[in-house]
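Next come the chains, spelled out residue by residue.
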Amino acid sequence: MNIKSVADFIDEHEIEIALKQASRADRFMVRDCVEKALSMAGLTLRETAVLMHADGELREEMYEAARAVKHGIYGSRVVLFAPLYISNLCTNECSYCALRNENKEVRRRWFSQEEIAEQTRILIEQGYKRVMLVAGEAYPKNDFQYVLDSIATIYATKSGNGEIRRVHANVAPPTVEQFYALREANLGVYQCFQESYHRPTYAAVHKSGKKADFDWRATVMHRAMASGIGDVGMGVLYGLYDWRWETLALLQHIRELERTFGVGSHTISVPRMEPAVGSAVAAKPTHAVSDDDFLKIVALLRLAVPYTGLVMSTREPAELRRKGLGLGVSQMSAGSHTDPGNYSEHEIDHDAGKLEAGDHRPLNEIVREVADLGFVPSFCTACYRVGRTGANFKNMASHPHVMSRNCDTNALTTLLEYLCDHSAGDTKVAGLHMIDMQLEKMPPTQKAFVTAMLERIKRGERDVFV
Ligand code: SF4
Ligand code: SF4
């Protein structure tokens, strides 16, 4: 098994050299990198570092390339999902997080399986089809079975025509045995953010608990992939250290997985540090990332790893999310709350909160806005359910016409399902208009094929996908 215990694939020297050499890049070098990125072949560390220096009109050229690459691979669809926070118990001491062990300002709580079923029902009734289960890095009675039971509960919960079709999870780095159990539990994506790849920074902000072990965390994706979990979600917490350095280190990590397992990261998230209850570090990040640089990061990642889904969370304000969609974001959490209990209005409990979320609008508003902006809101979960995961997914993604045809088709069928079962008024009008517009753009054969699928949904069939 290809399991590492030391993250020796993070080569600080290579990162420093790439950044240093790129600082001497001229406009011709930048344009060469933009040109290469347009071929959708991805970028090396050095090329990515060069594009970090694209400013003014060069930045606009890079943004145009990011838009073209995103559209070429993902079409117009944007997948929507909800995080479901099931527990805020934690034994770690991350100085930027409200849930750190020693923070007494937070009331600790965790959901029973009945409560998880209730929260799931609320999400189903809003129209969600995929959730990201999130827990603090400790479990009730210190028993990992809690995570497995929670996944089973979410899958087992039904309401009307609805169900959650794919459960992803962001939980403490598991052991190999635990990954096997997650695979048995039908886990979708395993997500874990390294937070910082810069060892001195990592040590300074992770003061105690298992998370203080940099290597245990940084090698978690090796354990996941060696156990047969093909889809992993990665990211850093922007604001802890220099964003340029962290982005290159993240790419090194992805390249290592590609070399070892033939497939890199399924998704990358781009969280920025936000204020957190009882955290001075989070109130004033030492390497705060401006909105402009944040958008640059989105575009860079879209160009450097073109087949990787880019996820933006509700932490970012609506205006920035709008811009991010154009530049490369392919998935968004929508209408989400980050406090255990918050999907039930009568149970709002801000003292149990983790991080402030920036965009609290309900799902139907986000759907309408995404459609008004010219993107197709999608609730698709097809790939995970027909085995297009890991290397199989990469294979599909490396044929952009196949991927965008599947994504476009499934986006329309799942959107229509949502409109039939969960929407009314302006959202329904905007969604139906979007479906008509997309059909008009399709070649006749594809249009006939998709129209037939949409008719099946109108007749009451559900879960229709390719
Ligand atoms: Fe715990 Fe995660 Fe918060 Fe760290 S970031 S204190 S591990 S919940
Ligand atoms: Fe994602 Fe696959 Fe659905 Fe496209 S077809 S939206 S890649 S699950």
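Residues numbered from 1 in each chain as written. Chains lettered and ligands numbered in written order. Predicted model: local features only at pLDDT ≥ 70, side-chain atom pairs only at ≥ 80, totals over all residues. Heavy atoms only, no water.

Taken together, the side chains of D11, E12, E14 and E16 define an acidic patch exposed on the protein surface. Take D11: it is sitting in the segment before α1 (12-22). With relative accessibility at 35%, the residue D11 sits in the partly exposed group. (Patch = residues over 30% accessible without salt bridge, like charges linked within 9 Å, V, L, I, M, F, W, Y side chains within 5 Å. Areas by Shrake-Rupley, 256 points an atom, 1.4 Å probe, with all protein chains shown as cover. Salt bridge = Lys/Arg side-chain N within 4 Å of Asp/Glu carboxyl O. Lys, Arg positive; Asp, Glu negative; His and termini not counted. Charge placed at Lys NZ, Arg CZ, Asp CG, Glu CD. Helix = DSSP H or I, 4+ residues; strand = E, 2+ residues; numbered from the N terminus. Buried < 20%, exposed > 50% of the residue type's maximum accessible area, 1.4 Å probe, protein only.)

With 94% of its residues at a pLDDT of at least 70, the chain reaches an overall mean of 92. Confidence over residues 345-358 falls short of pLDDT 50; this stretch has 47 contacts with residues more than four positions distant or in other chains. (pLDDT = per-residue confidence, 0-100. Contact = heavy atoms within 4.5 Å.)

Moving on, we get to the site of ligand 1. In the vicinity of ligand 1, the residues found are C90, N92, C94, Y96, C97, L99, R100, E137 and K211. Split by residue class, the shell around ligand 1 holds 5 nonpolar, 1 polar and 3 charged. (Near = heavy atom within 4 Å. Nonpolar A, V, L, I, M, F, W, Y, C, P; charged D, E, K, R; others polar.)

Another point: the packing of helix α18 (residues 400-422) against helix α19 (residues 425-441). Axis separation between α18 and α19 bottoms out at 10 Å; the angle between their running directions is 155°. With respect to α19, the element α18 is oriented roughly antiparallel. With respect to the hand of their crossing, α18 and α19 are arranged in left-handed fashion. Residues L412, L415, L416, Y418, L419 and C420 of α18 form the contact with α19, whose participating residues are T427, K428, G431, L432, M434, I435, Q438 and L439. (Axes fitted to C-alpha atoms, helices over the stretch in contact; angles between N-to-C directions. Parallel < 35°, antiparallel > 145°, perpendicular 65-115°, else oblique. Left-handed = near helix turned anticlockwise from the far one by under 90°.)

Another point: the site of ligand 2. Ligand 2 sits among R77, V79, R130, C380, A382, C383, R388, F393, C407 and N410. Among the secondary structure elements, those contributing two or more residues to the shell around ligand 2 are β1 (77-87), α16 (382-385) and α18. For the shell around ligand 2, a count of residues per class yields 6 nonpolar, 1 polar and 3 charged.

On to the packing of aromatic side chains. According to the stated counting rule, one finds 6 aromatic pairs in the structure shown. Where Y202 meets F214, the ring centres are 5.1 Å apart and the plane angle is 80°; that geometry is what we call edge-to-face. Here Y202 is found in helix α8 (residues 199-205), whereas its partner F214 is found in helix α9 (residues 214-218), with 12 residues between them in sequence. In this pair, the class of Y202 matches that of F214, namely buried. On the numbers, 5.7 Å between centres and 75° between planes, the contact of Y241 with W245 is edge-to-face. For R223, the ring lying beneath its charged end belongs to W216, and the centroid distance is 3.4 Å. In this structure, R272 packs its charged tip against the face of F294, placed 4.6 Å from the ring centre. (Phe/Tyr/Trp six-rings, centres within 6.5 Å; stacked < 30°, edge-to-face > 60°. Lys NZ or Arg CZ within 6 Å of the ring centre and 35° of its normal.)

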